[in-house]
There are 2 protein chains.
Amino acid sequence: MSPKAQIPGIAFRKHDHRRCQRQLLSEATQLCAERNLRLTSRRRQVLEILLASHQPMGAYDILAELNRTDPDEQIAPPIVYRALEFLLGEGLIHRIESLNAFISCAQPGHRCGAQFLICRDCDQVAEFEASDDGLLAEAGNLGFAVDHSVVEITGVCAECQKHVG
Amino acid sequence: MSPKAQIPGIAFRKHDHRRCQRQLLSEATQLCAERNLRLTSRRRQVLEILLASHQPMGAYDILAELNRTDPDEQIAPPIVYRALEFLLGEGLIHRIESLNAFISCAQPGHRCGAQFLICRDCDQVAEFEASDDGLLAEAGNLGFAVDHSVVEITGVCAECQKHVG
DNA sequence: CGACATAGTGTTATATTATAACGTAACGAT
DNA sequence: ATCGTTACGTTATAATATAACACTATGTCG
Ligand SMILES: [Zn+2]
Ligand SMILES: [Zn+2]
Ligand SMILES: [Zn+2]
Ligand SMILES: [Zn+2]
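Residues numbered from 1 in each chain as written. Chains lettered and ligands numbered in written order. Predicted model: local features only at pLDDT ≥ 70, side-chain atom pairs only at ≥ 80, totals over all residues. Heavy atoms only, no water.

**Focus: the overall build of chain A**
So, step 1. Counting its secondary structure elements, chain A contains six helices and five strands.
So, step 2. Each helix (α) and strand (β) of chain A, taken in turn from the N terminus, gives the series α-α-α-α-β-β-β-β-α-β-α.
So, step 3. Evaluated residue by residue, chain A yields a buried proportion of 47% over its 165 residues.
So, step 4. In chain A, of all internal contacts separated by at least 6 residues, the share reaching a separation of at least 24 is 56%. (Helix = DSSP H or I, 4+ residues; strand = E, 2+ residues; numbered from the N terminus. Buried < 20%, exposed > 50% of the residue type's maximum accessible area, 1.4 Å probe, protein only. Contact = heavy atoms within 4.5 Å.)

Given below as structure tokens:
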């Protein structure tokens, strides 16, 4: 993965991910403490699996990972989905609708609009913060009370455009 | 400037839907003829089911409808999915990712960006043409070659806000 | 026409994603 | 300690989607 300063999203940037990971987990812990919520070990476990990369994972991928690291117990889907539900609710992760997958939030606590660039070549997904969201304003102008917005842009990232063959 | 700030989406407007339906089917027929594509009876059948309303339907809802109107044959999922794939490819219908559902395009042939307002009260979905140019331009500026964009805004429509208790 | 290539359909089975339902355990407050 | 609540574990099943392969319709060319 080469440095691509122009692409937003940490997924596309070279960085000390060890540190990044630790930081995000710490932020999650603090955020839950502030909100008086329980980041239980299951929830933390699922979050950590997602924090291991900046890639989206399917619920069953996460499930497999849980069962791989802990072959004694046989975890079942509802456990994963419940943890995901909690993490989604607190904005610690996002759901990528067009992939049926989940990804750790790059800026937990920012209550950021979740907007994604999805490269169909390298499968990397970058969360990016579109500062000016005219769409929501427009929806608002039309009398629509916006609750949640899904913005997922599929295409080819800058790096992959170079390697076309 | 694009023609926006109209009331979004025909789904939310009172109109002669009989006529609307006929018109859209006719446009689809013509469009396929122009493109030298076969709007076979199966494909037309699926399109007609979606054109019966401006509401999104799951693939299995469509399947059920097929099997209801024609109880002799027992249609299976792949048939529906293949018809949907064709219709999606030609822009005659759209897929709503956050609902796992399909909806007829309000403006076939316009190659319109597919943007949706989804009311979580009345479940109506309005296709609306907004200037998400900002977003796409931003992606473009960042070196990302946009292929397809998903914009789905969930909330409460103007009408439902009045009736809230 | 009749052989052929191709696109579309039908059928079976199965993969993938997600939830219902219900009981148990942990926790937090009286 | 008991009680209400939240989270977890377990089983079963629902809902969504595709793989694989056989068959049929359609158009093309000699
Ligand atoms: Zn990182
Ligand atoms: Zn890429
Ligand atoms: Zn109509
Ligand atoms: Zn509504």
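**A short note on the coordination of the zinc ion (ligand 2)**
Residues and elements named next belong to chain A.
So, step 1. Taken together, the protein ligands of the zinc ion (ligand 2) are Cys119 (SG), Cys122 (SG), Cys157 (SG) and Cys160 (SG), with distances of 2.2 to 2.4 Å.
So, step 2. Classification of the site at the zinc ion (ligand 2) rests on its four donor atoms, whose angles at the metal span 102 to 118°, yielding the label tetrahedral.
So, step 3. For the zinc ion (ligand 2), all donor residues lie on one chain, and their spacing in sequence is C-x2-C-x34-C-x2-C.
So, step 4. You can call Cys122 partly exposed: its relative accessible area is 28%. (Donors = N, O, S within 2.8 Å, 3.2 Å for Na, K, Ca; no water. Tetrahedral: all angles 85-135°; square planar, octahedral: opposite > 155°, others 65-115°.)

**A few points about the interface of chain B and chain A**
So, step 1. Taken together, the contact between chain B and chain A spans 39 residues of the former and 36 residues of the latter.
So, step 2. Approximately 2,900 Å² of surface area, both sides summed, lies buried where chain B meets chain A, with 63% of it carried by carbon and sulfur atoms.
So, step 3. Of all residues in chain B, Leu135, Leu142 and Phe144 of chain B give up the largest surface area on contact with chain A, accounting jointly for 24% of the area buried on that side.
So, step 4. The interface formed by chain B and chain A contains two salt bridges.
So, step 5. Asp147 of chain B is paired through a salt bridge with Arg120 of chain A; the nearest N and O atoms lie 3.1 Å apart.
So, step 6. In this structure, the connection of chain B to chain A is made through 14 residue pairs in polar contact (both at pLDDT 80 or more).
So, step 7. Counting residues per element, the side of chain B that touches chain A draws most heavily on strand E5 (residues 145-156) of chain B, at twelve residues.
So, step 8. Its residues assigned to classes, the side of chain B that touches chain A shows 21 nonpolar, ten polar and eight charged.
So, step 9. Pairing of strand E5 (residues 145-156) of chain A with E5 of chain B involves eleven bridges; the strand directions are antiparallel. Bridge pairing in E5 of chain B places Ala145 of chain A opposite Val156 of chain B. (Buried area = accessible area lost by both parts, 1.4 Å probe. Salt bridge = Lys/Arg side-chain N within 4 Å of Asp/Glu carboxyl O. Polar contact = N/O pair within 3.5 Å; in protein donor to acceptor, adjacent residues only side chain to side chain. Nonpolar A, V, L, I, M, F, W, Y, C, P; charged D, E, K, R; others polar. Pairing = 2+ DSSP bridges.)

**Focus on the relation of the copies chain B and chain A**
So, step 1. Taken as rigid bodies, chain B and chain A are interconverted by a rotation of 180° and an axial shift of 0.0 Å, the fit giving an RMSD of 0.1 Å. Here the symmetry operator amounts to a two-fold rotation axis. Among all residues of chain B, the one whose C-alpha sits closest to the rotation axis is Val151 of chain B, at a distance of 2.4 Å.
So, step 2. Interface overlap between copies is the fraction of interface residues in one copy that are interface residues in the other; for chain B against chain A it reaches 92%, indicating a shared surface. (Least-squares fit on C-alpha atoms with pLDDT ≥ 70 in both.)

**Comments concerning the protein's contact with DNA strand C**
So, step 1. In the vicinity of DNA strand C there are 17 residues, among which Tyr60 and Arg95 of chain A together with Thr40, Arg42 and Arg82 of chain B approach most closely.
So, step 2. Within 4 Å of the protein, the contacting atoms of DNA strand C are drawn from sugar and phosphate to the extent of 47%.
So, step 3. The contact in question runs from a phosphate oxygen of DNA strand C to an N or O atom on the side chain of Arg42 of chain B, over 2.7 Å.
So, step 4. For DNA strand C, a base nitrogen lies 2.4 Å from a polar atom in the side chain of Arg82 of chain B.
So, step 5. Listed by contribution, the elements that provide at least two residues to the surface near DNA strand C are helix H4 (77-89) of chain A together with helix H2 (41-51) and helix H4 (77-89) of chain B.
So, step 6. Tallying contributions element by element places H4 of chain A first for the surface near DNA strand C, with four residues.
So, step 7. Here the residues of the surface near DNA strand C are counted per class, giving seven nonpolar, three polar and seven charged. (Near = heavy atom within 4 Å.)

**Side note on the coordination of the zinc ion (ligand 3)**
Residue and element names in this part refer to chain B.
So, step 1. Distances from the zinc ion (ligand 3) to its protein donors, namely His15 (NE2), His17 (ND1), Cys20 (SG) and His54 (NE2), fall within the range 2.0 to 2.4 Å.
So, step 2. Because the angles between the four donor atoms bound to the zinc ion (ligand 3) fall within 104 to 115°, the donor set is best described as tetrahedral.
So, step 3. Read from N- to C-terminus, the donor residues coordinating the zinc ion (ligand 3) fall into the pattern H-x1-H-x2-C-x33-H. Placement of Cys20 in helix H1 (residues 17-34) and of His54 in the loop between H2 and helix H3 (59-69) is noted, with a sequence separation of 34 residues between them. An identical accessibility class is assigned to Cys20 and His54; each is buried.

**A few points about the sheet that holds strand E4 (residues 125-127) of chain B**
So, step 1. Read from one edge to the other, the open sheet built from six strands follows the order E4(A)-E3(A)-E5(A)-E5(B)-E3(B)-E4(B), with strand pairing classed as mixed. Looking at the sheet topology across the chains shown, the edges are occupied by strand E4 (125-127) of chain A together with E4 of chain B. For this sheet the average axis-to-axis angle between neighbouring strands, irrespective of direction, equals 20°.
So, step 2. Alignment of strand E3 (residues 115-119) of chain B against E4 of chain B, held across three bridges, turns out to be antiparallel. Residue pairing for E4 of chain B: Ile118 of chain B is matched across the bridge by Val125 of chain B.
So, step 3. Across the sheet, helix H5 (residues 134-141) of chain A lies against E5 of chain A together with E3 and E5 of chain B, angled at about 35° from E5 of chain B, the strand it touches most.
So, step 4. Of the strands in this sheet, strand E3 (115-119) and E5 of chain A together with E5 of chain B are in contact with helix H5 (residues 133-141) of chain B, which crosses E5 of chain A at around 35°. (Axes fitted to C-alpha atoms, helices over the stretch in contact; angles between N-to-C directions.)

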